[in-house]
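One-letter residues, chain by chain:
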Amino acid sequence: RTPIILDTDPGIDDAVALAAALFAPQLDLKLIATVAGNVSVEKTTRNALQLLEFWQKDTPVARGASVPLLRPLRDAAYVHGESGMEGYVFTETSRHALPVPAFQAMYDCLINSDEPVTLVTIGPLTNVALLLTQYPECKARIKRVVMMGGSAGRGNFTPTAEFNIAIDPEAAARVFESGLEIVMCGLDVTSRAILSPEYLARLPELNRTGKMLHALFSHYRSGSMETGLRMHDLTAIAWLVKPELFQTYPCFVAVETHGTYTSGTTVVDLEHRLERPANAQVALDIDVPGFQAWVSEVLALAP
Ligand code: BDR
Ligand code: CA
C-alpha cells in the first residue's frame, strides 16, 4: 500500500477524495493536514474531523495554515457553501486535531515512516511550503507530490489561474521550485473528471456515504446535478491508484507571482520554449469512462 499524507481544505470534492483515500485498498492514509482554502482552517479542520467521525476512522488530523504565506485568504464558500460542506448535517464530534501544526505533523510522519511518503495536495500549498522552508532536509523522505492544482490552459478563479494555486501563489512557486518530483493534475484533466447525472441519481442507493455525498452534491457548484459534477480533487487520488488512466507530459512549470492579472497562473511550458528542465509531470488527458468506473468501484467500498 502506498503511504500518503493528504493535505486538504474540505470542501465537497475534498470529501470525496478523502473517501477514496480512506477506502481504496491500494492506499495507506497516514495523516490528514488541513489548510485554509475553500473556507477557513477552523472549518476545514472541523469538516475533516466530522468526516472521520462519519466513517469511524481514526486517521490523525493536523490543523494547518490559517492564511496564505503573503496574502489574505480569499475563500470559495460560493462553491462549497458557508460551512465548506453545505447540504448535510454531520453529527457533532468530540475528536480533536493533533496538538502540533500541520507542517510539524507532516515532518514527524515523514521521519517516522519506514519508506518515503507521497504528499497529496488538494488545497492551497501553504502547509507544504512551510514544511519545505522549516525542514528542507525532509525532501529525501518525500516520494513525490501529487497535486490537484493549476492549469495549462484557462483558470477557474481568475481567467488564467486555478483556485488552489491562485490562493497562495508564493507557496505553490516554492513547491514547483523545490526539486521534488511533482505530478500536476490541473483543470486540463479535473474539469473533465465528471460524475454523470445518471450515476449521481443512483448514489443514495449505494450506501450511507452515497447518501451523504448526494446531499452535499446538491449544493456543490462545480457543474450541476443535471449535467454532471467535476470531481477536481478526486483526480489526484485516481492518479495514485490508476496512473494508466492519465496521459502526463514532463514540462517546466512556473507559477506567476507578480502579475497584475495573472498571479497564481501556472505557466506550463509545453513546447519547451523556456529551455528549462522539466520540474513536473503534467496530466493533460484522462480516460473519463475509466475514471468513472474506478469512482463507482471505490465508493462502493465505503460504508
Ligand atoms: C480546487 O478548488 C477547490 O474549490 C476544490 O476543492 C479543488 O481543490 C479546484 O480548482
Ligand atoms: Ca480542495
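Keep in mind the model is a prediction, meaning the values are calculated, not measured. (Residues numbered from 1 in each chain as written. Chains lettered and ligands numbered in written order. Predicted model: local features only at pLDDT ≥ 70, side-chain atom pairs only at ≥ 80, totals over all residues. Heavy atoms only, no water.)

Q: Outline the site of ligand 1, supporting the account with residue identities and numerical values.
A: Taken together, Asp 13, Asp 14, Asn 38, His 80, Ile 122, Met 148, Asn 156, Glu 162, Phe 163, Asn 164, His 232 and Asp 233 form the complete shell of residues around ligand 1. In this structure, an oxygen atom belonging to ligand 1 sits 3.0 Å away from a side-chain N or O atom of Asn 164. Between ligand 1 and the protein, one listed contact pairs an oxygen atom with a side-chain N or O atom of Asp 233 at 2.5 Å. Protein chains bury 96% of the 280 Å² of accessible surface belonging to ligand 1 in isolation. Across the shell around ligand 1, the residue classes break down as three nonpolar, five polar and four charged. (Near = heavy atom within 4 Å. Polar contact = N/O pair within 3.5 Å; in protein donor to acceptor, adjacent residues only side chain to side chain. Areas by Shrake-Rupley, 256 points an atom, 1.4 Å probe, with all protein chains shown as cover. Nonpolar A, V, L, I, M, F, W, Y, C, P; charged D, E, K, R; others polar.)

Q: If you had to explain the coordination of the calcium ion (ligand 2) to someone new, which residues and values would you point to?
A: At the metal site, the calcium ion (ligand 2) is ligated by Asp 9 (OD), Asp 14 (OD), Asp 14 (OD), Ile 122 (O) and Asp 233 (OD), and these contacts range over 2.3 to 2.6 Å. On the accessibility criterion, Asp 9 (0% relative accessible area) is buried. For Asp 14, a relative accessible area of 1% translates into the label buried. (Donors = N, O, S within 2.8 Å, 3.2 Å for Na, K, Ca; no water. Buried < 20%, exposed > 50% of the residue type's maximum accessible area, 1.4 Å probe, protein only.)

Q: An account of helix α5 (residues 126-134) is requested, with residue identities and associated values reported.
A: Those residues of α5 lying buried are Thr 126, Asn 127, Val 128, Ala 129, Leu 131 and Leu 132. Contact partners of the buried residues in α5: β1 (2-8), β2 (27-34), α4 (102-112), β4 (117-121), β5 (142-148) and α7 (169-176). (Helix = DSSP H or I, 4+ residues; strand = E, 2+ residues; numbered from the N terminus. Contact = heavy atoms within 4.5 Å.)

Q: Lay out the sheet that holds strand β11 (residues 266-269) in plain terms, naming residues and giving numbers.
A: Strands pair in a sheet through their backbones, by hydrogen bonds, and they do so in one of two ways: parallel or antiparallel. Ordered in space as β3-β2-β1-β4-β5-β6-β12-β10-β11, the nine strands form an open sheet in which the pairing is mixed. In this open sheet, the two strands that pair with only one neighbour each are β3 (61-63) and β11. Strand-to-strand twist in this sheet, taken as the mean axis angle between neighbours without regard to direction, amounts to 30°. Bridging between strand β10 (residues 246-255) and β11 involves four bridges; their strand directions are antiparallel. The residue bridging Ala 254 from the neighbouring strand is Val 267, located in β11. Of the strands in this sheet, β1, β2, β3, β4 and β5 touch α4, which is tilted by about 155° from β2. Contacting β1, β2, β4, β5, β6 (182-185), β10 and β12 (280-286), helix α11 (residues 234-241) runs over the sheet at an angle of about 140° to β5. (Pairing = 2+ DSSP bridges. Axes fitted to C-alpha atoms, helices over the stretch in contact; angles between N-to-C directions.)

Q: How would you summarise the packing of aromatic side chains if you had to cite specific residues and measurements?
A: Taken as a whole and assessed by the stated rule, the structure comprises nine aromatic pairs. Ring geometry for Phe 23 and Trp 55: centres 5.9 Å apart, planes at 75°, overall edge-to-face. Highlighted residues: Phe 23 in helix α1 (residues 12-23) and Trp 55 in helix α2 (residues 41-55), separated in sequence by 32 residues. Centre to centre, the rings of Tyr 88 and Phe 90 are 4.7 Å apart; their planes meet at 65°, and the pair counts as edge-to-face. Within the aromatic cluster, the residues linked to one another by ring pairs are Phe 23, Phe 54, Trp 55, Tyr 88 and Phe 90. Directly above the ring of Phe 54 sits Arg 208, whose terminal nitrogen or CZ lies 4.0 Å from the centroid. (Phe/Tyr/Trp six-rings, centres within 6.5 Å; stacked < 30°, edge-to-face > 60°. Lys NZ or Arg CZ within 6 Å of the ring centre and 35° of its normal.)

Q: Got a sec to walk through the packing of helix α9 (residues 197-206) against helix α12 (residues 288-299)? Specific residues and values, please.
A: Relative orientation of the contacting elements α9 and α12 amounts to 15°, with a least axis distance of 12 Å. With respect to α12, the axis of α9 lies roughly parallel. Crossing geometry of α9 relative to α12 is assigned as right-handed. The segment α9 lies against α12, with Tyr 199, Leu 203 and Leu 206 engaging Val 295, Ser 296 and Leu 299. (Parallel < 35°, antiparallel > 145°, perpendicular 65-115°, else oblique. Left-handed = near helix turned anticlockwise from the far one by under 90°.)

Q: Requested: an account of unusual backbone geometry, with residues and values cited.
A: The step from Pro 10 to Gly 11 runs through a cis peptide bond, and the omega angle for that step is -15°. Inspection of the secondary structure assignment puts Gly 11 in the loop between β1 and α1. Located in the positive-phi region is Glu 275, a residue other than glycine, with phi close to 50°. Relative to the helices and strands, Glu 275 is located in the loop between β11 and β12.

Q: Kindly report on the pairing of β10, identifying the contributing residues and their values.
A: Each regular strand displays side chains that alternate between the two surfaces of the sheet. As judged from the six bridges shared by β10 and β12, these two strands associate in the antiparallel manner. Each bridged residue has a counterpart across the sheet, and for Gln 247 the counterpart in β12 is Asp 285.

Such coordinate-based values are descriptive only and should not be taken to indicate function.
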